[in-house]
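Listed below, chain by chain, are the residues.
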Amino acid sequence: MKIRPLTIEGAFEITPVRYGDSRGVFLEWYRFDALAEAVGHPLDLAQANLSTSARGVVRGIHFADLPPGQAKYVTCVSGAVLDVVVDIRVGSPTFGAWEAVRLDDADRRAVYLAEGLGHGFCALTEGATVAYLCSSTYRPGHEHGVHPLDPGLGIDWPVDAPVLSGKDAEAPALAEARAVGLLPRYDDCVAYLQERHG
């Protein structure tokens, strides 16, 4: 597999090598050793999630309180999504920046994002199915969001009328989340990862 760092520190695109013949295709969509070498530490797996979305659904931008935060390894097993990583770490050199990667059932790419980063995606096809490997379990009251249509972020979602959950539609803009102290601090994220992984 080929692992490429994105422009946001702590985010990576993973492109697997696919082996195909008349029977179909085989690939390794996750390798703990290759990922650990690329990102500098292993991904502790605590939970696996699966979501299916109608075309035009936007999920996110989600993040978890640090510690422990929630690192994610995300792929689309059926259909296609535009996966978006947002730097919501106050004090980061790329604070407020976002980067998008198309994940689909053809190229089989994946995205890894470290604890402290925001994550969301838009379903480009009907029934787009996304699988997430997570470093920590869901903790009610410690999971948050930033409004995915926040003009301050300016994410270029590729749909005319994004469909949001009630929770995502009520999420604060990035500036509001920062003002009330909801966002993680970059220095705390760096210190947490160094403490946890050496």
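Residues numbered from 1 in each chain as written. Predicted model: local features only at pLDDT ≥ 70, side-chain atom pairs only at ≥ 80, totals over all residues. Heavy atoms only, no water.

This is how the line gets drawn: UniProt positions are given in the numbering used here, feature names are shortened, and annotations may be inferred rather than shown by experiment.
The name given to the protein chain in an unreviewed UniProt entry is dTDP-4-dehydrorhamnose 3,5-epimerase, and the organism recorded there is Actinoplanes aureus. What the UniProt record of the protein chain gives under Catalytic activity (unreviewed entry) is the line "dTDP-4-dehydro-6-deoxy-alpha-D-glucose = dTDP-4-dehydro-beta-L-rhamnose".

## Some points on the nonpolar core
Let me state the cut-off plainly: Buried Ala, Val, Leu, Ile, Met, Phe, Trp, Tyr and Cys residues form a nonpolar core when they are joined through side-chain atoms within 4.5 Å. Between buried and exposed lies partly exposed: a residue is buried under 20% and exposed over 50% of the maximum accessible area for its type, with that area taken using a 1.4 Å probe on protein chains only. A run of H or I in DSSP becomes a helix once it reaches four residues, and a run of E becomes a strand once it reaches two; helices and strands are each numbered from the N terminus. By definition in these notes, contact holds between two residues if any of their heavy atoms fall within 4.5 Å.
Formed by 19 residues in total, the largest nonpolar core has its most connected members in Val 86, Ile 88, Val 146, Ile 155, Trp 157 and Leu 183. Counting residues per element, the ones that place at least two in this core are strand E6 (58–64), strand E8 (80–86) and helix H3 (174–179). Among the elements that take part in this core, E8 stands out by supplying 4 residues, more than any other. When sequence neighbours within four positions are dropped, the list of residues in contact with Val 146 reads Gly 60, Ile 61, Phe 63, Ile 88, Leu 153, Ala 171, Pro 172, Ala 173, Leu 174, Ala 177 and Leu 183. Core analysis: the next-biggest nonpolar cluster, separate from the first, contains 18 residues, Ala 11, Leu 103, Ala 128 and Tyr 132 among them.

## Quick word on the pattern of salt bridges
To keep things clear, this is the line we draw: Salt bridge, as used here, is a side-chain nitrogen of Lys or Arg placed within 4 Å of a carboxyl oxygen of Asp or Glu.
Scanning the entire structure with this criterion turns up 10 salt bridges. Glu 13 is the salt-bridge partner of Arg 109, the closest N and O atoms lying 3.7 Å from each other. Of this pair, Arg 109 sits in the loop between strand E9 (98–104) and strand E10 (110–113) while Glu 13 sits in strand E2 (residues 11–15), and the two are 96 residues apart along the sequence. Asp 44 is the partner of Arg 196 in a salt bridge, and the nearest nitrogen-oxygen pair spans 2.9 Å. Separated by 152 residues along the polypeptide, Arg 196 in helix H4 (residues 186–197) and Asp 44 in the loop between helix H1 (32–39) and strand E5 (47–53) bring together distant segments of the chain. Residue class for Asp 44 comes out partly exposed when judged on its relative accessible area of 31%.

## A few points about the UniProt feature "active site" (unreviewed entry) in the protein chain
Quick reminder of the rule: The definition of a polar contact used here is a pair of N or O atoms within 3.5 Å, where within protein one atom must be able to donate a hydrogen and the other to accept one, and adjacent residues in sequence count solely through side-chain atom pairs.
UniProt annotation of "active site" (unreviewed entry) refers to His 62 and Tyr 132 when read in the numbering used here. Spanning 71 residues, the annotated positions come together in the fold, the maximum distance between their C-alpha atoms being 12.9 Å. Of note, His 62 is situated in strand E6. Since its relative accessible area comes to 31%, His 62 is described here as partly exposed. Apart from residues lying up to four places away in sequence, His 62 is in contact with Lys 72, Leu 117, Gly 118, His 119, His 144, Gly 145 and Asp 168. A polar contact of 3.4 Å, which involves the side chain of His 62, links it to the backbone nitrogen of Gly 60. In this fold, Tyr 132 is placed in strand E12 (residues 128–134). The buried category is assigned to Tyr 132, whose relative accessible area is 11%. Non-local contacts of Tyr 132, meaning those with residues more than four positions away in its chain, are made with Gln 47, Ala 48, Asn 49, Leu 50, Ser 51, Arg 59, Tyr 73, Val 74, His 119 and Phe 121.

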